[in-house]
Amino acid sequence: NAGVTQTPKFQVLKTGQSMTLQCAQDMNHEYMSWYRQDPGMGLRLIHYSVGAGITDQGEVPNGYNVSRSTTEDFPLRLLSAAPSQTSVYFCASSLESATYGHEQFFGPGTRLTVL
Amino acid sequence: SQQGEEDPQALSIQEGENATMNCSYKTSINNLQWYRQNSGRGLVHLILIRSNEREKHSGRLRVTLDTSKKSSSLLITASRAADTASYFCATDASLTGNQFYFGTGTSLTVIP
């Protein structure tokens, strides 16, 4: 049982490049989410999904796309990277959405630098 | 804007002392959770308290919730150097329920 896995761990991009951050979970969780963590800002929700085929925007969705074709995978796509997207990105999953009070399991994070 | 705010931003104590950190939030909630983050790592769930509960315990952790004041506190008793980490509260918003909102965190340093 690997939990939540994220790849890559580190990435450096040039402004304007695109890339996909991968996230997978093997716990059969319905709810998955992407956060970014910036110094002094805590974690901010980018996008989330309550099940396969269903995604929605969080607090800071601009510049990011997501899809959820399977229960296990929830990739995050940066369409045209900007220096403001330099951050640490965390993927998380839980059994159900926030209302039901299930704990979230976090991946180890991806540290992204955009030059 | 973020739902939760922790206070203090940073806390430094001696090993064996108790550590208290507070979380305030803005809207009605169904539940509140506390998470811990060691440097360079993902967050780990510590404890959950539901809106109809006032206090919960788990080992050396004690969480209180005051929904009238929209605030929660996390008490770590008999702290250890290994408790050094950042601590975050996370809430849902009862009207939407699909999103977790995290606070800005309290950085705790326990000095051996």
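Residues numbered from 1 in each chain as written. Chains lettered and ligands numbered in written order. Predicted model: local features only at pLDDT ≥ 70, side-chain atom pairs only at ≥ 80, totals over all residues. Heavy atoms only, no water.

## Regarding the overall build of chain A
Threshold: Here a strand is any run of E in DSSP of at least two residues, a helix any run of H or I of at least four, and the numbering for each starts at the N terminus. In this treatment the radius of gyration is a C-alpha quantity, and the globule benchmark scales as 2.2 Å times the residue count to the 0.38 power. Note on definitions: a residue-residue contact is assigned when non-hydrogen atoms from the two residues lie within 4.5 Å. Working definition of accessibility: Shrake-Rupley area with a 1.4 Å probe, residue cover restricted to the visible protein chains.
Looking only at helices and strands, chain A features zero helices and 11 strands. When the elements of chain A are put in sequence order from the N terminus, they spell out β-β-β-β-β-β-β-β-β-β-β. Taken over the C-alpha trace, chain A has a radius of gyration of 13 Å; the compact-globule value for 115 residues is 13 Å, and the two agree within 12%. Its C-alpha atoms give chain A principal-axis dimensions of roughly 40 × 25 × 25 Å. Contacts in chain A between residues far apart in sequence, at least 24 positions, make up 54% of those at least 6 positions apart. Summing over all exposed atoms, chain A offers an accessible surface of approximately 5100 Å²; the carbon and sulfur share of this is 52%.

## Here's the deal with the side chain of B:Ser79
Looking at where B:Ser79 falls in the secondary structure, it is placed in the loop between β8 (71-76) and β9 (85-91). Residues within four places of B:Ser79 in sequence aside, it is in contact with B:Ile13, B:Gln14, B:Glu15, B:Gly16, B:Glu17, B:Arg60 and B:Val110.

## Notes on the sheet that holds strand β3 (residues 19-25) of chain A
Residues and elements named next belong to chain A. The following threshold applies: Strands are labelled as partners when DSSP assigns at least two bridges between them. Throughout, an axis means a line fitted to C-alpha atoms (over the contacting stretch in the case of helices), and angles, computed between N-to-C directions, take values from 0 to 180 degrees.
Spatially, four strands are ordered β1-β3-β8-β7 in an open sheet, and the strand pairing comes out antiparallel. Of all the strands in the sheet, the pair left with one neighbour each is β1 (4-7) and β7 (64-66). Each strand of the sheet is rotated relative to its neighbour by a mean of 20 degrees, with strand direction disregarded. Bridge analysis of β3 against strand β8 (residues 76-78) gives three bridges, and the strand direction is antiparallel. From the neighbouring strand, methionine 19 faces β8, where its bridge partner is leucine 78.

## Description of the pairing of strand β6 (residues 55-58) of chain B
Residues and elements named next belong to chain B. Of the strand pairs in this sheet, β6 and strand β7 (residues 61-66) are connected by four bridges, and their pairing is antiparallel. Of the residues in β7, the one forming a bridge with serine 58 is leucine 61. Counted between consecutive antiparallel strands, the loop separating β6 from β7 contains two residues, among which glycine 59 sits at a positive phi close to 60 degrees.

## Section: the sheet that holds strand β1 (residues 4-7) of chain B
Two orientations exist for strands paired in a sheet by backbone hydrogen bonds: parallel and antiparallel. Residues and elements named next belong to chain B. Strand order in the open sheet made by the five strands is β1-β3-β8-β7-β6, with antiparallel pairing throughout. At either margin of the open sheet sits one strand with a lone partner, and together these are β1 and β6. If you compare each strand with its neighbour and ignore which way they point, the axes differ by 15 degrees on average.

## Focus: the pattern of salt bridges
All names here are of chain B. Let me state the cut-off plainly: Any Lys or Arg side-chain nitrogen found within 4 Å of a carboxyl oxygen on Asp or Glu counts as a salt bridge. Note on classification: 1.4 Å probe, protein chains only; a residue is buried when its accessible area is under 20% of the maximum for its type, exposed when over 50%, partly exposed between these limits.
This structure, assessed with the given rule, holds five salt bridges over all chains. The residue arginine 62 makes a salt bridge to glutamate 55 at a minimum N-O spacing of 3.2 Å. For arginine 62, a relative accessible area of 29% gives the class partly exposed. For glutamate 55, a relative accessible area of 40% corresponds to the partly exposed category. In this structure, arginine 60 engages aspartate 83 in a salt bridge whose closest nitrogen and oxygen atoms are separated by 2.9 Å. Taken together, the residues span a long stretch of sequence, with arginine 60 in the loop between β6 and β7 and aspartate 83 in the loop between β8 and β9 at a distance of 23 residues.

By themselves, these observations are geometric and do not establish any function.
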